[in-house]
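# Commentary on secondary and tertiary structure
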Amino acid sequence: MVFEMIKNWWKIFAALCVLYTVIAGFLFKVPAQPILHETIRNLYFHVPMWFGMMTILFVSLWHSIKYLSNSNIQSDIIASQAAHTGMFMGVLGIITGSIWARYTWGAWWVADTKLNGAAITLLIYMAYFILRGSLDEEQKRARISAVYNIFAYVMLIVFLLILPRLNDSLHPGNGGNPGFSKYDLDSTMRMVFYPAVIGWILLGVWMMTIKIRIEKLKRKTFIND
Amino acid sequence: MINLLKKAGVSLALIFIATSGFAQDAAQTATNNAPVEMATGLYQSGKIYVVVIVVAVILIGIIGYLTMLDRKISKLEKEIENK
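Note on numbering: residues in each chain are counted from 1, in written sequence order. Whichever chain is written first is A, and whichever ligand is written first is 1; the rest continue in order. Selection of residues for local features in this predicted model requires a pLDDT of at least 70, selection of side-chain atom pairs for listing and counting requires 80 or more, and totals for whole chains, interfaces and linings are taken over all residues. The basis for every side-chain value is the complete set of heavy atoms in the structure, and neither hydrogens nor water enter the calculation.

### Looking at the overall build of chain B
To be explicit about the condition: Working definition: helices are DSSP H or I runs of at least four residues, strands are E runs of at least two. Numbering for both runs from the N terminus. Residue burial is assigned from relative accessible area. The probe radius is 1.4 Å, only protein chains are included, and a residue is buried under 20% of its type maximum, exposed over 50%, and partly exposed in between. Only the protein chains shown count as cover for residues, and the accessible areas themselves come from Shrake-Rupley with a 1.4 Å probe.
Each helix and strand in chain B was counted, giving two helices and zero strands. Relative to its 83 residues, chain B shows a buried fraction of 8%. As presented, chain B carries roughly 7,100 Å² of accessible surface, and 70% of it is formed by carbon and sulfur atoms.

Okay, here's the thing in C-alpha coordinates:
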(Lines give C-alpha, C1' and ligand atoms only; values in the text may rest on other atoms or scores of the structure.)
Protein backbone atom coordinates (compact mmCIF):
# COMPACT_ATOMS: atom_id res chain seq x y z
CA MET A 1 0.00 0.00 0.00
CA VAL A 2 2.71 2.47 1.02
CA PHE A 3 4.87 1.32 -1.84
CA GLU A 4 1.95 1.89 -4.16
CA MET A 5 1.52 5.41 -2.80
CA ILE A 6 5.20 6.20 -3.41
CA LYS A 7 5.08 4.78 -6.92
CA ASN A 8 1.95 6.78 -7.74
CA TRP A 9 2.95 9.99 -5.97
CA TRP A 10 2.43 12.03 -9.12
CA LYS A 11 -1.20 10.94 -9.35
CA ILE A 12 -1.81 12.12 -5.81
CA PHE A 13 0.03 15.33 -6.65
CA ALA A 14 -2.15 15.79 -9.74
CA ALA A 15 -5.33 15.30 -7.71
CA LEU A 16 -4.20 17.81 -5.09
CA CYS A 17 -3.20 20.36 -7.74
CA VAL A 18 -6.54 20.13 -9.54
CA LEU A 19 -8.53 20.31 -6.30
CA TYR A 20 -6.53 23.34 -5.24
CA THR A 21 -7.18 24.88 -8.65
CA VAL A 22 -10.93 24.50 -8.30
CA ILE A 23 -11.07 25.97 -4.82
CA ALA A 24 -8.52 28.75 -5.26
CA GLY A 25 -9.67 29.38 -8.82
CA PHE A 26 -13.14 30.24 -7.62
CA LEU A 27 -12.30 32.06 -4.44
CA PHE A 28 -9.03 33.97 -4.89
CA LYS A 29 -9.11 37.56 -6.02
CA VAL A 30 -8.76 38.30 -9.72
CA PRO A 31 -8.01 41.62 -11.41
CA ALA A 32 -11.13 43.47 -12.57
CA GLN A 33 -10.98 43.60 -16.37
CA PRO A 34 -13.56 45.10 -18.71
CA ILE A 35 -15.61 42.56 -20.70
CA LEU A 36 -13.87 39.61 -19.02
CA HIS A 37 -15.14 40.21 -15.47
CA GLU A 38 -15.18 36.94 -13.53
CA THR A 39 -14.70 34.87 -16.68
CA ILE A 40 -10.98 35.57 -16.34
CA ARG A 41 -11.10 32.57 -14.01
CA ASN A 42 -11.54 30.39 -17.10
CA LEU A 43 -7.81 30.84 -17.51
CA TYR A 44 -7.39 28.12 -14.86
CA PHE A 45 -9.57 25.64 -16.73
CA HIS A 46 -9.69 26.41 -20.44
CA VAL A 47 -6.00 27.14 -21.06
CA PRO A 48 -4.63 24.06 -19.22
CA MET A 49 -6.71 21.87 -21.55
CA TRP A 50 -4.59 23.08 -24.48
CA PHE A 51 -1.36 22.74 -22.52
CA GLY A 52 -2.42 19.22 -21.61
CA MET A 53 -3.28 18.45 -25.22
CA MET A 54 0.06 19.71 -26.48
CA THR A 55 2.00 17.80 -23.83
CA ILE A 56 0.18 14.54 -24.44
CA LEU A 57 0.36 14.87 -28.21
CA PHE A 58 4.08 15.45 -27.78
CA VAL A 59 4.26 12.12 -25.96
CA SER A 60 2.44 10.65 -28.94
CA LEU A 61 4.93 12.22 -31.37
CA TRP A 62 7.86 11.01 -29.29
CA HIS A 63 6.66 7.42 -29.42
CA SER A 64 5.90 7.64 -33.13
CA ILE A 65 9.51 8.65 -33.74
CA LYS A 66 10.60 5.85 -31.42
CA TYR A 67 8.51 3.39 -33.39
CA LEU A 68 10.18 4.42 -36.63
CA SER A 69 13.58 3.71 -35.12
CA ASN A 70 12.84 0.47 -33.24
CA SER A 71 9.69 -0.97 -34.88
CA ASN A 72 8.43 -2.02 -31.46
CA ILE A 73 4.63 -2.28 -31.51
CA GLN A 74 4.49 -1.10 -27.87
CA SER A 75 5.58 2.35 -29.06
CA ASP A 76 2.74 2.37 -31.57
CA ILE A 77 0.23 1.53 -28.83
CA ILE A 78 1.49 4.41 -26.71
CA ALA A 79 1.46 6.82 -29.66
CA SER A 80 -2.11 5.98 -30.67
CA GLN A 81 -3.56 6.03 -27.16
CA ALA A 82 -1.78 9.28 -26.33
CA ALA A 83 -3.22 10.81 -29.49
CA HIS A 84 -6.68 9.73 -28.28
CA THR A 85 -6.27 11.38 -24.89
CA GLY A 86 -4.73 14.48 -26.45
CA MET A 87 -7.69 14.83 -28.79
CA PHE A 88 -10.05 14.43 -25.85
CA MET A 89 -8.42 17.37 -24.07
CA GLY A 90 -8.41 19.38 -27.29
CA VAL A 91 -12.15 18.86 -27.75
CA LEU A 92 -12.74 19.98 -24.16
CA GLY A 93 -10.56 23.00 -24.89
CA ILE A 94 -12.51 23.96 -28.00
CA ILE A 95 -15.90 23.54 -26.28
CA THR A 96 -14.91 25.59 -23.24
CA GLY A 97 -13.32 28.19 -25.50
CA SER A 98 -16.49 28.47 -27.52
CA ILE A 99 -18.58 29.02 -24.39
CA TRP A 100 -16.11 31.62 -23.13
CA ALA A 101 -16.13 33.38 -26.51
CA ARG A 102 -19.93 33.58 -26.52
CA TYR A 103 -19.99 35.68 -23.36
CA THR A 104 -16.95 37.85 -23.99
CA TRP A 105 -16.50 38.23 -27.75
CA GLY A 106 -20.20 37.83 -28.41
CA ALA A 107 -20.31 34.73 -30.60
CA TRP A 108 -19.82 30.98 -30.26
CA TRP A 109 -17.25 31.11 -33.03
CA VAL A 110 -15.23 33.99 -34.44
CA ALA A 111 -12.95 33.95 -37.46
CA ASP A 112 -9.90 34.22 -35.26
CA THR A 113 -6.56 32.76 -36.35
CA LYS A 114 -6.17 30.80 -33.17
CA LEU A 115 -9.71 29.41 -33.22
CA ASN A 116 -9.51 28.28 -36.81
CA GLY A 117 -6.02 26.97 -36.17
CA ALA A 118 -7.31 24.91 -33.25
CA ALA A 119 -10.15 23.54 -35.37
CA ILE A 120 -7.77 22.61 -38.18
CA THR A 121 -5.43 20.92 -35.71
CA LEU A 122 -8.27 18.79 -34.37
CA LEU A 123 -9.26 17.85 -37.92
CA ILE A 124 -5.67 16.88 -38.71
CA TYR A 125 -5.65 14.56 -35.72
CA MET A 126 -9.05 13.18 -36.67
CA ALA A 127 -7.50 12.22 -39.99
CA TYR A 128 -4.85 10.34 -38.00
CA PHE A 129 -7.52 8.09 -36.54
CA ILE A 130 -9.21 7.62 -39.90
CA LEU A 131 -5.83 6.65 -41.34
CA ARG A 132 -5.28 4.13 -38.55
CA GLY A 133 -8.75 2.74 -39.00
CA SER A 134 -8.28 2.19 -42.69
CA LEU A 135 -5.15 0.05 -42.38
CA ASP A 136 -5.55 -3.54 -41.30
CA GLU A 137 -2.04 -4.82 -41.17
CA GLU A 138 -0.45 -3.99 -37.81
CA GLN A 139 3.10 -3.15 -38.88
CA LYS A 140 1.98 -1.16 -41.89
CA ARG A 141 -0.57 0.77 -39.84
CA ALA A 142 2.00 1.57 -37.18
CA ARG A 143 4.59 2.73 -39.70
CA ILE A 144 2.35 4.92 -41.86
CA SER A 145 0.52 6.49 -38.95
CA ALA A 146 3.83 7.22 -37.21
CA VAL A 147 5.00 9.18 -40.22
CA TYR A 148 1.66 10.99 -40.41
CA ASN A 149 1.81 11.75 -36.67
CA ILE A 150 5.07 13.65 -37.12
CA PHE A 151 3.45 15.73 -39.84
CA ALA A 152 0.44 16.31 -37.59
CA TYR A 153 2.50 17.67 -34.72
CA VAL A 154 4.42 20.01 -37.01
CA MET A 155 1.07 21.31 -38.27
CA LEU A 156 -0.06 21.74 -34.66
CA ILE A 157 2.95 23.94 -33.96
CA VAL A 158 2.27 25.96 -37.10
CA PHE A 159 -1.44 26.42 -36.45
CA LEU A 160 -1.41 26.94 -32.69
CA LEU A 161 1.90 28.62 -32.02
CA ILE A 162 3.22 30.29 -35.15
CA LEU A 163 0.30 31.59 -37.23
CA PRO A 164 -1.57 33.22 -34.31
CA ARG A 165 1.57 35.19 -33.54
CA LEU A 166 1.92 36.37 -37.12
CA ASN A 167 -1.68 37.56 -37.38
CA ASP A 168 -3.91 39.58 -35.15
CA SER A 169 -5.86 37.42 -32.77
CA LEU A 170 -8.46 38.08 -30.15
CA HIS A 171 -6.50 35.87 -27.81
CA PRO A 172 -4.20 37.76 -25.49
CA GLY A 173 -0.51 37.40 -26.15
CA ASN A 174 -0.87 37.08 -29.90
CA GLY A 175 -0.13 39.36 -32.79
CA GLY A 176 3.63 39.40 -32.28
CA ASN A 177 3.32 39.54 -28.53
CA PRO A 178 3.95 36.08 -27.15
CA GLY A 179 3.27 34.74 -23.71
CA PHE A 180 0.88 35.48 -20.94
CA SER A 181 2.58 38.60 -19.67
CA LYS A 182 -0.56 40.68 -20.07
CA TYR A 183 -2.70 39.03 -17.45
CA ASP A 184 -0.13 36.77 -15.91
CA LEU A 185 1.57 39.76 -14.33
CA ASP A 186 -0.91 39.42 -11.51
CA SER A 187 0.87 37.36 -8.88
CA THR A 188 -2.28 35.94 -7.27
CA MET A 189 -3.40 34.55 -10.61
CA ARG A 190 0.02 33.08 -11.19
CA MET A 191 -0.29 31.27 -7.86
CA VAL A 192 -3.33 29.44 -9.20
CA PHE A 193 -2.40 29.25 -12.89
CA TYR A 194 0.86 27.33 -12.59
CA PRO A 195 -0.49 24.60 -10.28
CA ALA A 196 -3.56 24.45 -12.55
CA VAL A 197 -1.42 23.77 -15.62
CA ILE A 198 0.65 21.14 -13.81
CA GLY A 199 -2.42 19.52 -12.26
CA TRP A 200 -4.49 19.28 -15.45
CA ILE A 201 -1.52 18.05 -17.51
CA LEU A 202 -0.78 15.32 -14.96
CA LEU A 203 -4.45 14.35 -14.80
CA GLY A 204 -4.41 14.00 -18.59
CA VAL A 205 -1.24 11.92 -18.43
CA TRP A 206 -2.90 9.68 -15.84
CA MET A 207 -5.87 9.11 -18.15
CA MET A 208 -3.42 8.42 -20.96
CA THR A 209 -1.58 5.74 -18.95
CA ILE A 210 -4.90 4.06 -18.17
CA LYS A 211 -5.81 4.03 -21.86
CA ILE A 212 -2.40 2.62 -22.79
CA ARG A 213 -2.63 -0.15 -20.19
CA ILE A 214 -6.13 -1.12 -21.33
CA GLU A 215 -4.97 -1.31 -24.95
CA LYS A 216 -1.94 -3.41 -24.02
CA LEU A 217 -4.16 -5.80 -22.05
CA LYS A 218 -6.56 -6.03 -24.99
CA ARG A 219 -3.78 -6.93 -27.40
CA LYS A 220 -2.35 -9.47 -24.95
CA THR A 221 -5.64 -11.26 -24.38
CA PHE A 222 -7.12 -11.17 -27.87
CA ILE A 223 -3.94 -11.68 -29.82
CA ASN A 224 -4.66 -15.42 -30.31
CA ASP A 225 -8.25 -15.01 -31.44
CA MET B 1 -83.08 22.43 3.63
CA ILE B 2 -82.75 25.80 5.33
CA ASN B 3 -81.28 24.01 8.27
CA LEU B 4 -78.67 22.44 6.04
CA LEU B 5 -77.77 25.78 4.48
CA LYS B 6 -77.42 27.32 7.92
CA LYS B 7 -75.14 24.52 9.00
CA ALA B 8 -73.00 24.89 5.89
CA GLY B 9 -72.79 28.66 6.34
CA VAL B 10 -71.74 28.33 9.95
CA SER B 11 -69.08 25.75 9.18
CA LEU B 12 -67.73 27.87 6.31
CA ALA B 13 -67.55 30.85 8.60
CA LEU B 14 -65.80 28.78 11.26
CA ILE B 15 -63.28 27.48 8.73
CA PHE B 16 -62.63 31.02 7.55
CA ILE B 17 -62.07 32.27 11.07
CA ALA B 18 -59.88 29.33 11.93
CA THR B 19 -57.67 29.60 8.86
CA SER B 20 -57.35 33.37 9.08
CA GLY B 21 -56.20 32.82 12.62
CA PHE B 22 -53.48 30.49 11.35
CA ALA B 23 -52.48 32.99 8.71
CA GLN B 24 -52.14 35.66 11.32
CA ASP B 25 -50.09 33.35 13.49
CA ALA B 26 -47.73 32.63 10.62
CA ALA B 27 -47.44 36.30 9.70
CA GLN B 28 -46.78 37.19 13.30
CA THR B 29 -44.02 34.64 13.79
CA ALA B 30 -42.39 35.83 10.59
CA THR B 31 -42.35 39.42 11.80
CA ASN B 32 -41.29 38.43 15.30
CA ASN B 33 -38.16 36.67 14.02
CA ALA B 34 -37.38 39.63 11.80
CA PRO B 35 -33.68 39.07 10.89
CA VAL B 36 -34.07 36.09 8.55
CA GLU B 37 -31.27 37.28 6.26
CA MET B 38 -28.42 35.12 7.51
CA ALA B 39 -25.45 35.44 5.20
CA THR B 40 -23.15 33.25 7.21
CA GLY B 41 -21.09 30.21 6.37
CA LEU B 42 -21.97 28.74 3.00
CA TYR B 43 -24.59 31.44 2.40
CA GLN B 44 -21.90 34.11 2.03
CA SER B 45 -20.89 35.95 -1.18
CA GLY B 46 -23.83 34.99 -3.34
CA LYS B 47 -23.48 31.37 -2.17
CA ILE B 48 -20.41 30.83 -4.39
CA TYR B 49 -19.00 28.43 -1.80
CA VAL B 50 -21.82 26.04 -2.59
CA VAL B 51 -20.66 25.94 -6.19
CA VAL B 52 -17.08 25.42 -5.09
CA ILE B 53 -18.14 22.45 -2.98
CA VAL B 54 -20.25 21.00 -5.79
CA VAL B 55 -17.37 21.22 -8.27
CA ALA B 56 -14.93 19.85 -5.70
CA VAL B 57 -17.26 16.89 -5.03
CA ILE B 58 -17.53 16.14 -8.75
CA LEU B 59 -13.77 16.35 -9.12
CA ILE B 60 -13.18 14.09 -6.12
CA GLY B 61 -15.65 11.68 -7.69
CA ILE B 62 -13.78 11.69 -11.00
CA ILE B 63 -10.43 11.23 -9.29
CA GLY B 64 -11.87 8.41 -7.19
CA TYR B 65 -13.20 6.80 -10.35
CA LEU B 66 -9.79 7.08 -12.03
CA THR B 67 -8.15 5.55 -8.97
CA MET B 68 -10.60 2.66 -9.07
CA LEU B 69 -9.96 2.05 -12.77
CA ASP B 70 -6.23 2.19 -12.12
CA ARG B 71 -6.50 -0.47 -9.39
CA LYS B 72 -8.72 -2.71 -11.50
CA ILE B 73 -6.27 -2.57 -14.40
CA SER B 74 -3.36 -3.33 -12.06
CA LYS B 75 -5.24 -6.40 -10.85
CA LEU B 76 -5.97 -7.53 -14.42
CA GLU B 77 -2.36 -7.00 -15.40
CA LYS B 78 -1.21 -9.21 -12.52
CA GLU B 79 -3.77 -11.89 -13.38
CA ILE B 80 -2.71 -12.02 -17.02
CA GLU B 81 0.95 -11.96 -16.04
CA ASN B 82 0.47 -15.03 -13.82
CA LYS B 83 -1.41 -17.03 -16.43
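### Quick word on the overall build of chain A
Our working definition: Between the two quantities, the radius of gyration covers C-alpha atoms and the globule rule is 2.2 Å times the number of residues to the power 0.38. Every residue pair with non-hydrogen atoms within 4.5 Å of one another is taken to be in contact. Under the counting rule used here, the positive set is Lys and Arg, the negative set is Asp and Glu, and His together with the chain ends is not counted. The location of each charge is read from NZ of Lys, CZ of Arg, CG of Asp or CD of Glu.
Counting secondary structure elements, chain A contains eight helices and zero strands. For chain A, the C-alpha radius of gyration of 19 Å lies close to 17 Å, the compact-globule estimate for 225 residues. If one aligns the C-alpha atoms of chain A with their principal axes, the spans along those axes are about 60 × 50 × 25 Å. Residues counted as buried form 47% of the 225 residues belonging to chain A. Taking the contacts inside chain A whose residues are at least 6 apart along the sequence as the reference set, 74% of them involve residues at least 24 apart. As displayed, chain A has an accessible area near 11,600 Å², and 70% of this comes from carbon and sulfur atoms. Positive and negative side-chain charges of chain A, numbering 20 and 12 respectively, have mean locations separated by a distance of 3 Å.

### Thoughts on the packing of aromatic side chains
Residue and element names in this part refer to chain A. Condition: Each pair of aromatic rings taken from Phe, Tyr and Trp, with Trp reduced to its six-membered ring, is defined by centres within 6.5 Å and is described as stacked if the planes are under 30 degrees apart, edge-to-face if over 60, and tilted in the remaining cases. Note on geometry: a ring has a charge over it if NZ (lysine) or CZ (arginine) is within 6 Å of the ring centre and within 35 degrees of the ring normal.
Taken as a whole and assessed by the stated rule, the structure comprises twelve aromatic pairs over all chains. Taken together, a centroid distance of 6.3 Å and an interplanar angle of 75 degrees make the contact between Tyr44 and Phe45 edge-to-face. Measuring from centroid to centroid gives 5.4 Å for Tyr128 and Phe129, while their planes differ by 70 degrees, and the two rings are edge-to-face. Assessed through its relative accessible area of 0%, Tyr128 is described here as buried. An aromatic cluster is present here, built from Phe26, Tyr44, Phe45 and Trp200 joined pairwise through their rings. Above the ring of Tyr103, the side-chain terminus of Arg102 is found at 5.2 Å from the ring centroid. The positively charged end of Arg102 is found above the aromatic ring belonging to Trp108, 5.9 Å away from the centroid.

### Structural notes on the interface of chain B and chain A
This is how it is decided: The term buried area refers to how much accessible surface (probe radius 1.4 Å) is lost by two components on association, counted for both of them together. Salt bridges, as used here, are contacts in which a Lys or Arg side-chain nitrogen is within 4 Å of a carboxyl oxygen on Asp or Glu. Under the rule applied, a polar contact is a pair of N or O atoms within 3.5 Å (in protein, one hydrogen donor and one hydrogen acceptor; residues adjacent in sequence only if both atoms are side-chain atoms). In the scheme used here, Gly and all other residues not listed as nonpolar or charged are polar, with Ala, Val, Leu, Ile, Met, Phe, Trp, Tyr, Cys and Pro taken as nonpolar and Asp, Glu, Lys and Arg as charged.
Listed by partner, the interface residues are 20 residues for chain B and 20 residues for chain A. Taken together, the two surfaces of chain B and chain A that pack against each other cover about 1,800 Å², and 80% of this comes from carbon and sulfur. Of all residues in chain B, Leu59, Leu66 and Asp70 of chain B bury the most surface against chain A, accounting for 28% of the area lost on that side. Remark: the boundary between chain B and chain A carries four salt bridges. For Asp70 of chain B, the salt bridge identified is with Lys11 of chain A, shortest N-O distance 2.7 Å. Taken together, the connections running from chain B to chain A amount to five residue pairs in polar contact (both at pLDDT 80 or more). Of the residues in the side of chain B that touches chain A, the class split is 14 nonpolar, two polar and four charged.

### Here's the deal with helix α3 (residues 46-70) of chain A
Note the threshold: A helix is expected to span 1.5 Å multiplied by its residue count minus one.
Its 25 residues give α3 of chain A an end-to-end C-alpha distance of 37 Å, which sits within 8% of 36 Å, the value for a rise of 1.5 Å per residue. At the C-terminal side of α3 of chain A, Ser71 of chain A shows a positive phi close to 55 degrees.

### What to know about the pattern of salt bridges
One pass over the full model with this rule turns up eight salt bridges over all chains. With a closest N to O distance of 3.0 Å, Asp70 of chain B and Arg213 of chain A form a salt bridge. On the criterion of chain membership, the pair formed by Asp70 of chain B in helix α2 (residues 48-82) and Arg213 of chain A in helix α8 (residues 187-222) is interchain, its members lying in two chains. Take Asp70 of chain B: its relative accessible area is 7%, and that puts it in the buried class.

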